[in-house]
Amino acid sequence: MAKENKAKKAAEKIGKVKFITEFKAFISRGNVLDMAVGMIVGSAFTAIITALVNKVLMPALGMLTGGIDFKDLKIVLKEAVLDLEGADPTVVLTPEVAIGYGEFLAAIINFFLIAISVFILIKVIGSFKRKKVEEPAPVEEPKPDPQIELLTEIRDLLKGENAAEEKEAETV
């Protein structure tokens, strides 16, 4: 029993070490690190766009539409129940049930701004790559295969011998 427990613990320890080693190899790959950096930059970028939509665009759009605050746009399904009989009539017994489509509109605008920004970023990066491709290095003529060169020399030598034999035959 004691030997079986020791063997089991040793196997578990080896399994953990193998898992840790594989995890280190996975994390140290360039693609995973690039993805992590992209996630961090993306979340920061999302925060910037969200602030732009909520603090700049939506108030300006609200002002253009006659002072409407888009966050307050909603469809009330059930009114709130107030405590009218109690000491304080502003106490809410049951909150209202509403569909807040104004915040949904803000989220849609937020999404489109992020999508447009990413599209423009990809286009700019693509134009940099195209400029690199448009400037190709001078093209060298490929060297023929050494076997083909050797066969060509042999052919030329045989032609030369045949031509010499034909001249000899004509002179005789």
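A quick note: this is a predicted structure, and the numbers were derived from the prediction, not measured.

Quick look at the layout of surface pockets
Approximately 160 Å³ is the volume found for the largest pocket. Lining the largest pocket are Gly38, Val41, Gly42, Phe45, Ser117, Val118, Leu121, Ile122 and Ile125. The leading source of residues in the lining of the largest pocket is helix H3 (residues 101–134), at 5 residues. Partitioning the lining of the largest pocket into residue classes produces 6 nonpolar, 3 polar and no charged.

What to know about a negative patch on the surface
Together, Glu161, Glu165, Glu166, Glu168 and Glu170 give the surface a local cluster of negative charge. Locating Glu165 in the fold gives a position in helix H4 (residues 146–171).

Examining the environment of Thr46
Relative to the assigned elements, Thr46 resides in helix H2 (residues 30–64). C-alpha separation for the pair Thr46 and Lys18, spaced 28 residues apart in sequence, amounts to 38 Å. Side-chain polar atoms of Thr46 contact the backbone oxygen of Gly42, separated by 2.8 Å.

Comments concerning the confidence of the model for the protein chain
Of all residues in the protein chain, 90% have pLDDT values of 70 or greater, and the mean over the chain is 80. The secondary structure element of the protein chain with the lowest average pLDDT is helix H1 (residues 2–27), at 74, and the one with the highest is strand S4 (residues 97–99), at 93.

A look at the side chain of Asn110
Relative to the elements of secondary structure, Asn110 occurs in helix H3. Judged by its relative accessible area of 14%, Asn110 is buried. Within the structure, Asn110 has its side chain in polar contact with the side chain of Thr50 (distance 2.9 Å). Ignoring anything within four residues of it in the chain, the contact list for Asn110 reads Ile49, Thr50 and Val53.

As for the nonpolar core
Counting 5 residues, the largest nonpolar core is built from Ile49, Val53, Met58, Phe70 and Ala106. Beyond its immediate sequence surroundings of up to four residues, Met58 is in contact with Val53, Phe70, Gly102, Leu105, Ala106 and Ile109.

A word on a nonpolar patch on the surface
A contiguous nonpolar surface patch, about 640 Å² in accessible area, is contributed by Ile75, Leu77, Val97, Ile99, Tyr101, Phe104 and Leu105. Taken together, the elements giving at least two residues each to the nonpolar patch come down to strand S1 (75–78), S4 and H3. Element by element, the count of residues in the nonpolar patch is highest for H3, at 3 residues. Among the structural elements, Ile99 can be located in strand S4. The class of Ile99 is partly exposed, set by a relative accessible area of 43%.

A word on the environment of Ile99
Sequence-wise, Ile99 and Leu77 are 22 residues apart; in three dimensions their C-alpha atoms are separated by 7.4 Å. Setting aside its immediate chain neighbours within four residues, Ile99 contacts Leu73, Lys74, Ile75 and Leu77.

The rules behind each value
- Residues numbered from 1 in each chain as written.
- Predicted model: local features only at pLDDT ≥ 70, side-chain atom pairs only at ≥ 80, totals over all residues.
- Heavy atoms only, no water.
- 1 Å grid on protein atoms, 1.4 Å probe; cavity = no way out; pocket = protein on both sides within 12 Å on 5 of 7 lines; lining within 4 Å.
- Points joined across faces, edges and corners; volume = space filled by probe spheres on them.
- Helix = DSSP H or I, 4+ residues; strand = E, 2+ residues; numbered from the N terminus.
- Nonpolar A, V, L, I, M, F, W, Y, C, P; charged D, E, K, R; others polar.
- Patch = residues over 30% accessible without salt bridge, like charges linked within 9 Å, V, L, I, M, F, W, Y side chains within 5 Å.
- Areas by Shrake-Rupley, 256 points an atom, 1.4 Å probe, with all protein chains shown as cover.
- Salt bridge = Lys/Arg side-chain N within 4 Å of Asp/Glu carboxyl O.
- Lys, Arg positive; Asp, Glu negative; His and termini not counted.
- Charge placed at Lys NZ, Arg CZ, Asp CG, Glu CD.
- Polar contact = N/O pair within 3.5 Å; in protein donor to acceptor, adjacent residues only side chain to side chain.
- pLDDT = per-residue confidence, 0-100.
- Buried < 20%, exposed > 50% of the residue type's maximum accessible area, 1.4 Å probe, protein only.
- Contact = heavy atoms within 4.5 Å.
- Core = buried A, V, L, I, M, F, W, Y, C linked by side-chain atoms within 4.5 Å.

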